[in-house]
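Letter by letter, the chains look like this.
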Amino acid sequence: MKPYKAKDRHYAFGSRFRPIRNTLVSWFLCLSLIPLIVVAIVNTTFSSETMKREAIAALDKSAQLHSTYIKSWFDYRVMDLDSQAESTRHAEFLQRLGERWRASGLSLEQYVENYDWVALVHDFQSDLLTHLRRYDYIYDLFLIDQQGNVLFSAIREPDLGTNLLTGPYRDTEFAKALQITLNTGERQFSNLERYRPSAHSLASFLIAPVLDAKGSRLGAFAIQLQLERLYHALDHTSTQQDGKQTHYLISSKGLLISPLDDSREQILERIIPPHAHALTSGTDRLSYTGALGAPVFGVAYPIEVLNQEWYLVSEADEADILDASLRGTRISLLLMLITALVVMVCAMWIARRLTSPLSSLVRVTEQVAAGQTQVEAEVHENNEIGLLAKAFNHMLHSRQKYEKKLQRAQQDAEQASRAKGEFLASMSHEIRTPMNGVLGMLSLLATTPLSSDQKRRLAVADRSARSLLTLINDILDFSKVDSGKLELEYLDFDLRALLDDVAEAMALQAHQKSLELILDTKGVTTSHVRGDPGRLRQILTNIINNAIKFTEHGEIVIRAALHKIDAQHWQLHCEVKDTGIGISPAVLKNLFQAFTQADSSTTRRFGGTGLGLAIVKRLCQLMQGDVSAQSEVGKGSTFSIQVKLATSAMARHVMPSVNISAQRFLVVDDNQTNRQVLCEQLALWGAQADQAENAQQALTLCRTQHYDIALLDQQMPEMDGATLGAALQRDPLTRSIKLVMMTSIARAGDASHFADLGFSAYFPKPATTSDIFDALQVLTAEGPVLQDAKPLLTSHYLRALDRVKSGEEDNASDAAVTASQLDSMVRLLVVEDNQVNQLVARELLQMQGYSLVDTAEHGLEALAMLRSAPDDAPYGLILMDCQMPELDGYETTQKIREGAAGERYCKIPIIALTANAMKGDEQKCLDAGMNDYLSKPLDAPALAAALCRWLEN
């Protein structure tokens, strides 16, 4: 349990500690500031709206004044136009110019350069020049005949002497307006343009018809306007008392026709967005992004000049309008801040008065939580806080009483736990010690000549003893898992090889009950993974053993697949499906609890502790996975296992060493699942595989299709695999097919029998990956390899063949000779207090070729024997029991390492030989100075491997 820390101030509900003082201050601030905030918001809103209304009214007034001025300015210009166009002298001047030009016979361009034109202009132009000089809004004056010929220009630019309707300037706005005046006799005001004859300067023209005394149109009089005075009068960007204002003119299509921000380059180039020029009257106001890019309030007034309709747009900067309101807002915020500071000081003073007694009580509770129970709360208040302090003190006294009881209970529980562990270790040792004698003697007895009845009785005794050992191991494993003392190993191992080994180990048990055991590993596409292979084997063995135990007929299918979790991890999904008795839903939900089986009848019929699945569940959870089961009574069960494994640097893709993509296979088996698994596996490796469910169907396929290799099941109804193979060998059409026998029951002499029938290989079911790989390697080879397999290719021959190819067989033979010579010379010492175990160890060692074996009953005797051993025949290895009288194995080992038996034995190999199989026992032996660890009952292969490891060193 994590100790309480006062500074953390975390409680059961998981939130941070919040002092009442802070809460009170917060509430005081809220209650005082909320009304002030409401008043400030209302005041700011009202002020903003008032400022807006006043600024927009000022903007509207300014826009009206500018609009009135512009209209008046243009009205006077139209009056000037009319007075000049109606002048009889100008009419006579225009008429005389036309007559003299036509009479000259010259082109108009030549005529305006002629002396006659100059003399005539000199006589008539005085009034026009006076008018030009008097009014600064006039840039030029024109007299144009009815055909559009410019007969007179006051400043004589390139348009003089041209025809505006057909000449080079016919596309100008001036020419377009002139055309209308000449055709209709109406006054016209041309669109603003950059007039080419005037060096592309901004120009607009007022045009009126010129009539003779009879009222006939002689042509037109035109004034080229200068708009600078108008632009100056607009005062396009002005700063008023109510804020920054901008005034500009746009056409009815939104084209800018007056300067913006002192720039004339945008005139006639920039289109003003519709939100501005779409306003049609002075009462329409809009808030938008203005022409200068800032938020504005705008108003627009239409201005009509003859045929043109312009708009005066007036805009006021929204930021300037709201600036006064913002100043009021800042003042309100300052008042709020001052108020908040005053309220905070007052609130803190009040809160301190209220919370000081509570703080004293909290300090006492923190001391109690930290383990200082001999304290009391001292709060002298005649209110609820005082009552709380008294109640706390009463609770504290009660807690002290309960803590004393709890300490006594804890001591009792710890003592019981130690007694339980000691009892479990003692029982493990005491039971394994006689079991070592029983199993050892039975294995030794099996090597002697016995009658058939004696062998049968010996086998029954051996099975019973091993069942008892399994029961002991289950109880110990469950105890280890239940107490959290089980640890996992992390090793690189071949997953397919492990699955193959488990299936082969369980195959005999399945075949004895005439069950079909099928292994499907096509989902395992990589060889090596990293994890605990021993515990994974234990999980699979337990599940498969249960499936065989509770299945009377049918099949058991083992399917395995690896799924990628991330770059470093796999998830192994393994499924064991049987056709057994099934499990009822009521029992299924408690299936993985300890000491649980389907019902009492199955317990009596099938035996077992009911711990196997509970151990499987705990092991799967330790491997970051789980196990689940689905079942239906009478139809079988499916157990699904998921465990997490790590990736391995030794991993490689699982594929045959030979290319079988060109081979065509036929799988003949009456079991549909086995056929499907084999065909899918061969297809995954690139081969083409067909299947037949009986011999007759296989014969038909072989006579109509070409097959290179046929895999035949021996046990099939009507015609078995041997008979089918003989039939295929007799037929010339199918004689070339290489035959492989798959049999569930292997007997002595099978190799010769199947070889005589023409089979090239056979292996027992289930067909493992290694068996199939080895067979494919030889069956698809050419040359004498296949001929050397006499009488038949078997899995043993194939593995021996691999060793011969790699040069291992000769090396193994030489090593065997060396070991044999070494065994006869090595002197071993067995330190064991149990005489039966002494006898078992001696016999097992002698069976493995170690003839010089001495025994000692305890450590003191062992030290004496080591010291008295002659120099020419020293001991080479010690097998040391751990629990012995006089001097146990741990102390004896330490004394040997310290030189108590002589300097020559300080580094002698010592192998622990003990019945202690609890967690930590192996490490305890290694810490004591032993080199290796073997648990009882002794396993002959494990003993041989340990001796080989240390004697070869």
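About the criteria used
- Throughout this description, residue numbers start from 1 for each chain and increase along the sequence as written.
- Reporting in this predicted model follows two pLDDT cut-offs: at least 70 for local features of residues, and 80 or more for side-chain atom pairs to be given and counted; totals over whole chains, interfaces and linings ignore these cut-offs and use all residues.
- Note that the side-chain values use all heavy atoms of the structure and ignore hydrogens as well as water.
- Here is the rule: rings of Phe, Tyr and Trp (six-membered ring for Trp) pair when centre to centre is within 6.5 Å. Planes less than 30 degrees apart are stacked, more than 60 are edge-to-face, and the remainder are tilted.
- By the criteria applied, helices consist of DSSP H or I runs no shorter than four residues and strands consist of E runs no shorter than two, each listed in order from the N terminus.
- When a residue's accessible area, from a 1.4 Å probe over protein chains only, is under 20% of the maximum for its type it is buried; when over 50% it is exposed; and in between it is partly exposed.
- A ring is considered to have a charge above it if a Lys NZ or an Arg CZ atom is located within 6 Å of its centre and within 35 degrees of its normal.
- Only strands joined by at least two bridges in the DSSP assignment are considered to pair.
- Each axis is a line fitted through C-alpha atoms, and for a helix only the stretch in contact is used; angles between axes span 0 to 180 degrees, taken between their N-to-C directions.
- By definition in these notes, contact holds between two residues if any of their heavy atoms fall within 4.5 Å.
- Definition used for salt bridges: Asp or Glu carboxyl oxygen within 4 Å of a side-chain nitrogen of Lys or Arg.

A. Broad picture of the packing of aromatic side chains. One pass over the structure, following the stated rule, counts 13 aromatic pairs. Here Phe74 and Phe189 contribute two aromatic rings whose centre-to-centre distance is 5.3 Å and whose plane-to-plane angle is 55 degrees, an arrangement assigned as tilted. Of this pair, Phe74 sits in helix α1 (residues 20–85) while Phe189 sits in strand β3 (residues 188–189), and the two are 115 residues apart along the sequence. With respect to burial, Phe74 and Phe189 carry one shared label: buried. Ring geometry for Phe74 against Trp310: centres 5.6 Å apart, planes inclined by 85 degrees, an arrangement best described as edge-to-face. With Phe74 in helix α1 and Trp310 in strand β11 (residues 308–317), this residue pair connects regions lying 236 residues apart in the sequence. Note on Trp310: relative accessible area 4%, which makes it buried. Through a chain of ring-to-ring contacts, the aromatic side chains of Trp73, Phe74, Tyr135, Tyr137, Phe189 and Trp310 assemble into a single cluster. Over the face of the ring belonging to Tyr137 we find Arg77, whose NZ or CZ atom lies 4.0 Å from the ring centre.

B. Structural context of the sheet that holds strand β20 (residues 688–692). Strand order in the open sheet formed by 5 strands is β20-β19-β21-β22-β23, and the pairing between neighbours is parallel. Each end of this open sheet is capped by a strand with a single partner; those strands are β20 and β23 (759–764). The sheet shows a mean angle of 20 degrees between the axes of neighbouring strands, taken without regard to direction. For strand β19 (residues 664–668) and β20, the ladder comprises 5 bridges, and the chain directions are parallel. Counted as the bridge partner of Arg664 is Gln688 from β20. In the packing of helix α17 (residues 672–684) onto the sheet, contacts are made with β19, β20 and β22 (738–743), and the angle to β20 comes to roughly 170 degrees.

C. Structural detail: the pattern of salt bridges. This structure, assessed with the given rule, holds 23 salt bridges. Taking the shortest distance from any N to any O, the salt bridge between Asp80 and Arg77 comes out at 3.5 Å. With a gap of 3 residues between them, Asp80 and Arg77 both fall in helix α1, about one helical turn apart. Each member of the pair, Asp80 as well as Arg77, is classed as buried. Its salt-bridge partner being Asp713, residue Lys765 comes within 2.9 Å of it at the nearest N-O pair. You can see Lys765 sitting in the loop between β23 and α21 (769–779) and its partner Asp713 sitting in strand β21 (residues 709–713), a full 52 residues away along the chain. Judged by relative accessible area, Asp713 falls into the buried class, the value being 1%. When salt bridges with common partners are traced through the structure, they connect Glu516, Asp669, Asp713 and Lys765 into a single cluster.

Geometric descriptors of this kind do not, in isolation, establish any biological role.
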